[in-house]
Amino acid sequence: MSSSESTSAALTRTFLAVELGDKARATLTRYTQRLAPALPTVRWVAAEKLHLTLAFLGELDAEQLASASMVASAVAAQIDPFTLSLARAGYFGPSHAPRVIWIGVGGDLRALTTLQRRLARELAARNLPRDDKPFAPHLTLARIKHRLDDAALTRLHTILDGPAPQPSPWPVDSLAVMRSDLACDGATYTRLLCCPFTSPATIDVDGA
């Protein structure tokens, strides 16, 4: 193996994320199963792969990964558990050529934003690379690689204008350091580290 290949192999495509609760994943599975027959050319993200990205760091070497993990652990220790829920679906891109179908996030967005901002500040302080796009909390349901025809566009807009998924709230009590491995059939995600918040979540979401 050449030195360049060795260096490349040592890099880890990394992001920091909040993971979903089982109830929310089940709701989104049912929702995408309803959408999929109407949009057969769209590539849907499997429910088990869905996550809420707070910071995408890109390719990190071992030292950078260790530093990012320390940031995640330190920031998580400053956060109290909170609750998130599912909101309405939408899309990125122009109405005649959407590129991504997403589901919005509701619940305690103030706590979520506080978490994201603290992460961004601490990552910057350690000179770690990160995507600095404005934070827009969402879950990516599908990526549209080929432009939809008029009939499919009509079906998409009809579905998105219809009933939203059930809120399916879930308690958020940890932050995850995630690895992303790219493949021809989509990315595979692996949790490298779970960083618990200040105290165990005691939020009862069933009655929410």
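For clarity, every value in this text was computed on a predicted model and none was experimentally measured. (Residues numbered from 1 in each chain as written. Predicted model: local features only at pLDDT ≥ 70, side-chain atom pairs only at ≥ 80, totals over all residues. Heavy atoms only, no water.)

On to helix α4 (residues 109-125). Given a rise of 1.5 Å per residue, 17 residues ought to cover 24 Å, and the 24 Å separating the end C-alpha atoms of α4 matches this to within 8%. What α4 keeps buried is the set A111, L112, L115, Q116, L119, A120 and L123. Tucked inside the fold, the buried residues of α4 contact β1 (12-19), β3 (51-60), α3 (62-76), β4 (82-92) and β8 (174-181). Looking one or two residues beyond α4, the residue adopting positive phi is N127, at roughly 55°. (Helix = DSSP H or I, 4+ residues; strand = E, 2+ residues; numbered from the N terminus. Expected span 1.5 Å × (residues − 1). Buried < 20%, exposed > 50% of the residue type's maximum accessible area, 1.4 Å probe, protein only. Contact = heavy atoms within 4.5 Å.)

Covalent bonding between the sulfur atoms of two cysteines is what defines a disulfide. Summed over all chains, the structure comprises zero disulfides. Looking at C194, it has no disulfide partner, and the nearest cysteine sulfur is the one in C195, 6.7 Å off. Take C195: its relative accessible area is 2%, and that puts it in the buried class. (Disulfide = S-S within 2.5 Å.)

Taking strand neighbours across the sheet as the criterion, the four strands line up as β3-β1-β8-β9 in an open arrangement whose pairing is antiparallel. The strands lining the two open edges of the sheet, one partner per strand, are β3 and β9 (188-196). Along the sheet, successive strands turn relative to each other by an average axial angle of 25°, direction set aside. Lying on the sheet, α4 is in contact with β1, β3 and β8; it crosses β3 at an angle near 10°. (Pairing = 2+ DSSP bridges. Axes fitted to C-alpha atoms, helices over the stretch in contact; angles between N-to-C directions.)

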